[in-house]
Amino acid sequence: MARRATGGTGRAKTAGARRPEVRLPELEPYDEGELEPDGDYDGLEFRAADLAGQDGAGARFLDCALTDCVLDETRLPHARFLDSVLTGARGVGTDLADATLRDVELRDARLGGTQLHGAVLERVLIRGGKIDYLNLRMAKLTDVVFEGCVLVEPDFGEASLTRVEFVDCALTGADFGGATLKDVDLRGAATLEITRGVGRLAGAVISPAQLVDLAPVLALELGIRVEG
């Protein structure tokens, strides 16, 4: 299930993102050792699990909770997370390339260099925490909300963003080169710093103050010389 986000939707004709409404069933603790490629994990709770360096490529996680798990160099390419909640995840170099996240909440993550290039994110809420060098190149984001989080040098290069909202979050050093945006609401970003691809913001809505802040980068992108 999903509900429509309310942040920033009343000030402009921008469609709001639909947030996930994850209702987990009663979960069983996971105690079966390491992840397996193409594994099938249904209705399980991974609590304080050290999954560093493990290989769960192509695995499916349905109605699962991952709480305070370590994900350093964990391999999860082509994995599918469906109707699941990840809380307090931490790690560097987690590989989620070409993964699918649908109706997922990622809360209070502390991640660095996470690889989500080519991934599909649909009805995803990323709330709190800090993610450094998030790689979303060529990813497809639909109904995604970044709320109260810090994103350092996220890479949205050549990605497709539809109904994506940034609410009370810091976005620094962002790369939107080659990206396609539709109904993307950046007005709620407490910090908005775009180092590349500011000319690709057609389809986004920003505030007047953000326009002033972005003016030098926008002028450079368009080849405009500003002289006193």
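Conventions used here
Residues numbered from 1 in each chain as written. Predicted model: local features only at pLDDT ≥ 70, side-chain atom pairs only at ≥ 80, totals over all residues. Heavy atoms only, no water. pLDDT = per-residue confidence, 0-100. Contact = heavy atoms within 4.5 Å. Disulfide = S-S within 2.5 Å. Helix = DSSP H or I, 4+ residues; strand = E, 2+ residues; numbered from the N terminus. Polar contact = N/O pair within 3.5 Å; in protein donor to acceptor, adjacent residues only side chain to side chain. Buried < 20%, exposed > 50% of the residue type's maximum accessible area, 1.4 Å probe, protein only. 1 Å grid on protein atoms, 1.4 Å probe; cavity = no way out; pocket = protein on both sides within 12 Å on 5 of 7 lines; lining within 4 Å. Points joined across faces, edges and corners; volume = space filled by probe spheres on them. Nonpolar A, V, L, I, M, F, W, Y, C, P; charged D, E, K, R; others polar.

Trainee: What is the right way to read the confidence of the model for the protein chain from this model?
Mentor: With 94% of its residues at a pLDDT of 70 or more, the protein chain shows a mean pLDDT of 93. Contacts of residues 6-12 to residues separated by more than four positions or lying in other chains number 12 contacts, the stretch itself having pLDDT below 50.

Trainee: Help me out: how do you make sense of the state of the cysteines in this one?
Mentor: In protein chemistry, a disulfide is the covalent bond that joins the sulfur atoms of two cysteines. Within the structure shown, the criterion is met by 0 disulfides. Cys 169 takes part in no disulfide bond, and the closest cysteine sulfur to it belongs to Cys 149, at a distance of 4.8 Å.

Trainee: What am I meant to see in the environment of Asp 72 here?
Mentor: Locating Asp 72 in the fold gives a position in the loop between strand 7 (65-67) and strand 8 (80-87). C-alpha of Asp 72 to C-alpha of Ala 52: the two residues are 20 residues apart in sequence and 4.5 Å apart in space. Every residue in contact with Asp 72, bar those within four places of it in the chain, is listed here: Ala 52, Gly 53, Arg 90, Gly 91 and Val 92. Only 2.7 Å separates the side chain of Asp 72 from the backbone nitrogen of Val 92, close enough to count as a polar contact.

Trainee: What's the story with unusual backbone geometry in this structure? I'm lost.
Mentor: Only a minority of non-glycine residues have a phi that is not negative, and only a minority of peptide bonds are not trans. In this model, Asp 143 sits at a positive phi of 55°, which is unusual for a non-glycine residue. Following the sequence through the fold, Asp 143 ends up in strand 12 (residues 140-147). Take Asp 143: its relative accessible area is 0%, and that puts it in the buried class. The backbone of Arg 163 sits at a positive phi, close to 50°, despite the residue not being glycine.

Trainee: Hey, could you run me through empty space enclosed by the protein in this one?
Mentor: Gaps left between atoms show up when a probe the size of a water molecule is rolled over them. Under the criterion given, the structure shown has 2 cavities of 30 Å³ or more. By volume, the largest cavity is sized at about 210 Å³. Taken together, 18 residues make up the lining of the largest cavity; nearest its centre are Leu 86, Leu 96, Leu 101, Leu 106 and Leu 111. Of all elements in the fold, only strand 8, strand 10 (100-112) and strand 11 (120-132) reach the threshold of two or more residues within the lining of the largest cavity. Among the residues making up the lining of the largest cavity, the classes are represented as 16 nonpolar, 2 polar and no charged. Size it by volume and the second largest cavity reaches roughly 30 Å³. Around the second largest cavity sit Leu 35, Leu 51, Phe 61, Leu 66, Leu 71, Leu 76 and Phe 81, which together line it. Per-class residue counts for the lining of the second largest cavity are 7 nonpolar, no polar and no charged.

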